[in-house]
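Observations on the model geometry
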Amino acid sequence: EPEVTQTPSHQVTQMGQEVILRCVPISNHLYFYWYRQILGQKVEFLVSFYNNEISEKSEIFDDQFSVERPDGSNFTLKIRSTKLEDSAMYFCASSEARVGTTYFGPGTRLLVL
Amino acid sequence: AQKVTQAQTEISVVEKEDVTLDCVYETRDTTYYLFWYKQPPSGELVFLIRRNSFDEQNEISGRYSWNFQKSTSSFNFTITASQVVDSAVYFCALMNYGGSQGNLIFGKGTKLSVKP
């Protein structure tokens, strides 16, 4: 069964460093997302991406964040200068249609020290 | 306001008991979709079910069943004869048809512990 994959599974970084989280969405899906879950809290929407541009972003997704689809398969989230409060599980997700079922990857656990 | 409320923070049951997880939602849209996801201790989010606002028929899948009631804006999830492997955090989520590009609004989740 097709699935969303994410790398790395864990990432530890120093405050102020840049990180890039990588995702490979399900191959026939057209809509891509990043969500975040701070430990023990609910899952929060960050950004949606369609047709090579951001469709919508939340208040969390400030200028420190960016997304890119550098080729036909990868979808990345970059945090330019990490802060302690960026420590969270980051989930990539994809769906076939705009309001289709959203399938999530296994997540990248980011720890900012 | 668009919101999902899961009032039960944690539930603990003994194996083979039935358990119902509550979900209440708020939305201005007339067309919307409701979801349940399971997050086991390993951390991934596993899709369980999706329901659209025009389909109030209850659904059963094995030991899982869902009760969607628009009159009370609820979409409750029942596990029959619970098993230890059902132990996880369960999230209810809302997706509106209009406006946003399909982003999900999650509740805070209910942590279910099933003891042997």
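These figures come from a predicted structure and were not determined experimentally.

Focus: the layout of surface pockets
- A volume near 470 Å³ is recorded for the largest pocket.
- Looking at the lining of the largest pocket, the elements with two or more residues in it are β10 (88-96) and β12 (110-115) of chain B.
- Its residues placed into classes, the lining of the largest pocket shows nine nonpolar, 12 polar and four charged.
- Estimates place the volume of the second largest pocket at around 330 Å³.
- Together, 16 residues line the second largest pocket, and Glu1, Pro2, Glu3, Tyr103 and Phe104 of chain A are the ones closest to its centre.

Observations regarding the interface of chain B and chain A
- Of the residues lining the interface, 22 residues belong to chain B; the matching set on chain A comes to 21 residues.
- A buried area of about 1,800 Å², summed over both sides, lies between chain B and chain A, and 57% of it is on carbon and sulfur atoms.
- Linking chain B with chain A are five residue pairs in polar contact (both at pLDDT 80 or more), by the criterion used here.
- Going through the elements one at a time, β5 (32-39), β6 (46-52) and β10 of chain B are the ones with two or more residues in the side of chain B that touches chain A.
- Ranked by residue count, the leading element in the side of chain B that touches chain A is β5 of chain B, at four residues.

A word on the pattern of salt bridges
All names here are of chain B.
- This model, assessed by the stated rule, comprises four salt bridges over all chains.
- The shortest N-O distance in the salt bridge between aspartate 86 and arginine 63 comes to 2.8 Å. You can see aspartate 86 sitting in the loop between β9 (74-79) and β10 and its partner arginine 63 sitting in the loop between β7 (59-61) and β8 (64-69), a full 23 residues away along the chain.
- Residue aspartate 86 is classed as buried on the basis of its relative accessible area, which comes to 1%.

Observations concerning the state of the cysteines
- Considering all chains together, one arrives at two disulfides over all chains under this definition.
- Residue cysteine 23 of chain A pairs covalently with cysteine 92 of chain A via a disulfide, S to S 1.9 Å. Given an S-S torsion of about -65 degrees, the disulfide between cysteine 23 of chain A and cysteine 92 of chain A has left-handed geometry. You can see cysteine 23 of chain A sitting in strand β3 (residues 19-24) and its partner cysteine 92 of chain A sitting in strand β9 (residues 88-95), a full 69 residues away along the chain.
- Taking relative accessible area as the criterion, cysteine 23 of chain A reaches 1% and is therefore assigned buried.
- The side chain of cysteine 23 of chain B participates in a disulfide bridge whose partner is cysteine 92 of chain B; the two sulfur atoms lie 1.9 Å from each other. In this structure, the disulfide formed by cysteine 23 of chain B and cysteine 92 of chain B twists by about -65 degrees around the S-S bond and is classed as left-handed. Remark: cysteine 92 of chain B occurs in strand β10 and cysteine 23 of chain B occurs in the loop between β3 (19-21) and β4 (24-26); sequence separation between them is 69 residues. Across the pair, exposure class does not vary: cysteine 23 of chain B and cysteine 92 of chain B are buried alike.

A few points about the environment of valine 89 of chain B
All names here are of chain B.
- Within the secondary structure, valine 89 is located in strand β10.
- Residue valine 89 is classed as partly exposed on the basis of its relative accessible area of 21%.
- Distance from valine 89 to lysine 38, taken between C-alpha atoms, is 6.0 Å for residues 51 residues apart in sequence.
- Beyond its immediate stretch of four places on either side in the chain, valine 89 contacts Tyr37, Lys38, Gln39, Gly109, Thr110 and Lys111.

What counts and how
- Residues numbered from 1 in each chain as written.
- Chains lettered and ligands numbered in written order.
- Predicted model: local features only at pLDDT ≥ 70, side-chain atom pairs only at ≥ 80, totals over all residues.
- Heavy atoms only, no water.
- 1 Å grid on protein atoms, 1.4 Å probe; cavity = no way out; pocket = protein on both sides within 12 Å on 5 of 7 lines; lining within 4 Å.
- Points joined across faces, edges and corners; volume = space filled by probe spheres on them.
- Helix = DSSP H or I, 4+ residues; strand = E, 2+ residues; numbered from the N terminus.
- Nonpolar A, V, L, I, M, F, W, Y, C, P; charged D, E, K, R; others polar.
- Contact = heavy atoms within 4.5 Å.
- Buried area = accessible area lost by both parts, 1.4 Å probe.
- Polar contact = N/O pair within 3.5 Å; in protein donor to acceptor, adjacent residues only side chain to side chain.
- Salt bridge = Lys/Arg side-chain N within 4 Å of Asp/Glu carboxyl O.
- Buried < 20%, exposed > 50% of the residue type's maximum accessible area, 1.4 Å probe, protein only.
- Disulfide = S-S within 2.5 Å.

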